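# Summary of structural features
Now for the letters of each chain:
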Amino acid sequence: MEFEIVYPHVKKHSIAMLIIRRVFGLLFLAAAAVCLTVNLVLGGKWWSVIVLWSLYMVWSLVLQAPLVERNLISQGVKLAVMTVILLVLIDWLLVPGWAGFVVPIVAYGALIVLAVLFFVNVSKQRHNVMPLILLTVLVAVGSALALFVFSETRWPMIVLASTAAVLLVATAFTLRSRLISELVKRFHIK
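Residues numbered from 1 in each chain as written. Predicted model: local features only at pLDDT ≥ 70, side-chain atom pairs only at ≥ 80, totals over all residues. Heavy atoms only, no water.

### Considerations on the packing of aromatic side chains
What counts is decided by this rule: Centres within 6.5 Å are what make two rings of Phe, Tyr or Trp a pair, Trp counting through its six-membered ring; a difference in plane orientation under 30 degrees is then read as stacked, over 60 as edge-to-face, and the rest as tilted. Runs of H or I in DSSP of at least four residues are treated as helices and runs of E of at least two as strands, each being numbered from the N terminus. Residue exposure (1.4 Å probe, protein chains only): buried if accessible area is under 20% of the type maximum, exposed if over 50%, otherwise partly exposed.
With the rule as written, the count across this model stands at 5 aromatic pairs. Ring centres 6.0 Å apart and planes at 75 degrees place the aromatic pair Phe24 and Phe28 in the edge-to-face group. Of the two residues, Phe24 and Phe28 are both situated in helix 1 (residues 15–42); the distance of 4 residues between them amounts to about one turn of the helix. Residue classification places Phe24 among the partly exposed residues on the basis of a relative accessible area of 36%. Summarising the aromatic geometry, the rings of Phe118 and Phe119 are spaced 4.9 Å apart at their centres and angled 70 degrees between planes, so their arrangement reads as edge-to-face. Residue Phe118 is classed as buried on the basis of its relative accessible area, which comes to 0%. By the ring-pair criterion, three or more aromatic residues cluster together here, those being Phe24, Phe28 and Trp59.

What follows is the structure, encoded as structure tokens:
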């Protein structure tokens, strides 16, 4: 019995990229240590957590090449989630009170951009739809909780919930049986 290898071969990175990644890794670690030390010495608000998260965002989005799901939609979902986390951290640690209004607007914009990227070329992007669906379900559940449990009824949350619901319906209608096959592929148990 012979096995057919269907996975693409892993491309070896150039020496220059490895050197750049190592240099920036060391610079980022040094910057993180300096920021944390300065914040601990001076005290006050925990701004260093925001700097650490921002450094991690740059590292993860720019310098670290993902091995799995290396496509525009997956990277867009990653950027959207990390940006929302950064905004929530800024709200909690530095200037509280505005995230309930701003975060839904940013999440709404991210959903719209990702939906456009998906629906422009559905036939090619249908294999990349799972991160978008998972993000949309997460946003729909989160906004439903905010609306019905926490009574957060400002217009950005209502628009976000509506957008997530419409995007889920549009994706299910567009993909139909392909969506079920993608779900089976993603969550198989064999």
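Next comes the rest of the description.
### Digging into the packing of helix 1 against helix 2 (residues 47–63)
We apply this condition: Each axis is a line fitted through C-alpha atoms, and for a helix only the stretch in contact is used; angles between axes span 0 to 180 degrees, taken between their N-to-C directions. Under this scheme an angle from 65 to 115 degrees is roughly perpendicular, one under 35 degrees roughly parallel, and one over 145 degrees roughly antiparallel; angles in between are oblique. Here, two residues are considered to be in contact whenever any of their heavy atoms come within 4.5 Å of each other. When residue character is reported, Ala, Val, Leu, Ile, Met, Phe, Trp, Tyr, Cys and Pro are called nonpolar, Asp, Glu, Lys and Arg charged, and the others, Gly included, polar.
Interaxial distance between helix 1 and helix 2 falls to 9 Å at its minimum, and their mutual angle equals 170 degrees. Here helix 1 is positioned roughly antiparallel relative to helix 2, judged by the angle of their axes. In this structure, helix 1 contributes Met17, Ile20, Arg21, Phe24, Gly25, Phe28, Ala31, Ala32, Cys35, Leu36, Val38 and Asn39 to the contact, and helix 2 contributes Trp47, Ser48, Val51, Leu52, Leu55, Val58, Trp59 and Leu63. A class-by-class count of the residues in the contact of helix 1 with helix 2 yields 16 nonpolar, 3 polar and 1 charged.

### A few points about the packing of helix 3 (residues 72–93) against helix 6 (residues 129–148)
For clarity, the cut-off: Handedness of a crossing is defined here by the sense of rotation of the near helix relative to the far one, left-handed for an anticlockwise turn of less than a right angle and right-handed for a clockwise turn.
Where helix 3 meets helix 6, the axes come as close as 8 Å, and the angle between the chain directions of the two elements is 30 degrees. Overall, the two elements helix 3 and helix 6 adopt an arrangement that is roughly parallel. Helix 6 is crossed by helix 3, and the crossing has left-handed handedness. Two secondary-structure elements touch here, helix 3 through Ile73, Ser74, Val77 and Val81 and helix 6 through Pro131, Leu132 and Leu135. When the residues that make up the contact of helix 3 with helix 6 are grouped by side-chain class, the tally is 6 nonpolar, 1 polar and no charged.

Read these as spatial facts, not as claims about activity.
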